[in-house]
Each structure stands twice: as C-alpha cells, then as structure tokens.
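Secondary and tertiary structure notes
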Amino acid sequence: MDPRDEQELYELTAPPVVFPGQAGPESAYRVAHDLLARRGAVEALEVLEPALAEDPTNTGLRTLRAWAYLIRVQLKKAEDELRALVEETPDDVWSRHALGRALERQSRLEEALPHLRLAFAMSGDLEHELAVLRVERQLMDIS
C-alpha cells in the first residue's frame, strides 16, 4: 500500500462546527457577533446567511454581515450592504462610519469624507474624528 493512501486511512477530520442555539435569527445574531469579535468572519457569514434567508430585512443581521465583509476586505459587498442600511436608517452612526471606511479603503476619499464627517458629528467619538482628519489629510496630499 502506498504510504499516502495509508496516511489518508488514518487521517482524522474535524467534525463540522455546530453552534448551540443556532435555530433562529436572534441566536444567529449572538453567535455571529461573538465570532466577529474574534475576527471569525468566514464562520460568522456561515451563521448569518441562513438566518438572513429566513429574515432578509433583519437590520441587526445585515449590519453583522457588513462587518464580516469589512473584515474579509470584500469592500464592494460591504459598501452595498452599508449603503442600503444608511438609506434605511440615516442616523445609524455605526453604519454611516463603516460606509465611510469602506469607501476610504477603496481610495474613494471624496465619497468617504461626508459619511465620516456626519458620523463624527453625530457621535463626537475620537475614532470618528481621527478618520475624518486622516481622510482630509490624504485629500490634501493628493492636491
């Protein structure tokens, strides 16, 4: 017997990851949020997609999906999701800031700046202010 065939015979594969309480959108939110907090974007998307198939308008799940896309640097998908979220809820600071960051990461600085400025104006958050200053400086360097 070829040693590679023998190795395949004895090779163990891990069972699929199963998360407890993954039955509905509300539990999918908790599980996906925990995964994203630990940078597990692929796993979070595996939890989110079935939940979103059940409840496609769930804002919380869509926000987490956008976060997962940002982590995976799927910036166009993140942008599309975030634009829809901002359109539906213009005063959502997180979505507004995240949209600005997604545009910034695509080097679309002039499009990003109004979103970042608005997020800062709504929140007063130092991180949001730093994002505004960073993009303004990049735009000045280009000019």
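Let us look at the structure shown here.

Cut-off values and rules
- Residues numbered from 1 in each chain as written.
- Predicted model: local features only at pLDDT ≥ 70, side-chain atom pairs only at ≥ 80, totals over all residues.
- Heavy atoms only, no water.
- Axes fitted to C-alpha atoms, helices over the stretch in contact; angles between N-to-C directions.
- Helix = DSSP H or I, 4+ residues; strand = E, 2+ residues; numbered from the N terminus.
- Parallel < 35°, antiparallel > 145°, perpendicular 65-115°, else oblique.
- Left-handed = near helix turned anticlockwise from the far one by under 90°.
- Contact = heavy atoms within 4.5 Å.
- Nonpolar A, V, L, I, M, F, W, Y, C, P; charged D, E, K, R; others polar.
- Salt bridge = Lys/Arg side-chain N within 4 Å of Asp/Glu carboxyl O.
- Buried < 20%, exposed > 50% of the residue type's maximum accessible area, 1.4 Å probe, protein only.
- Core = buried A, V, L, I, M, F, W, Y, C linked by side-chain atoms within 4.5 Å.

In contact at an axis separation of 8 Å, helix H7 (residues 109–123) and helix H8 (residues 126–142) are set at 155 degrees when each is read in the N-to-C sense. Here H7 is positioned roughly antiparallel relative to H8, judged by the angle of their axes. The handedness of the crossing between H7 and H8 is left-handed. Packed against H7, whose contacting residues are Leu109, Glu110, Leu113, Leu116, Arg117, Ala119, Phe120 and Ser123, the element H8 presents His128, Glu129, Ala131, Val132, Val135, Glu136, Gln138, Leu139 and Ile142 at the interface. Of the residues in the contact of H7 with H8, the class split is ten nonpolar, three polar and four charged.

Turning our eyes to something else, we now look at the pattern of salt bridges. Overall, the coordinates contain 14 salt bridges when judged by the stated rule. Note that Arg38 and Asp34 form a salt bridge whose closest N and O atoms lie 2.4 Å from each other. For Arg38, a relative accessible area of 57% translates into the label exposed. Linking Lys76 and Asp80 is a salt bridge whose minimum nitrogen-to-oxygen distance equals 2.9 Å. With a gap of four residues between them, Lys76 and Asp80 both fall in helix H5 (residues 75–88), about one helical turn apart. A relative accessible area of 48% places Lys76 in the partly exposed class. On the basis of relative accessibility, which here comes to 41%, the residue Asp80 falls in the partly exposed class. Sharing partners across several salt bridges, the network here consists of Lys76, Glu79, Asp80, Arg83, Arg108 and Glu111.

Here the focus is the nonpolar core. By size, the foremost hydrophobic cluster in this structure holds 36 residues, and its most contacted members are Leu36, Leu70 and Leu82. Elements represented by at least two residues in this core include exactly helix H2 (25–37), helix H3 (41–54), helix H4 (59–71), H5, helix H6 (93–105), H7 and H8. For Leu82, the contacting residues outside a window of four places in its chain are Ala66, Leu70, Trp94, Ser95, Ala98, Leu99 and Ala102.

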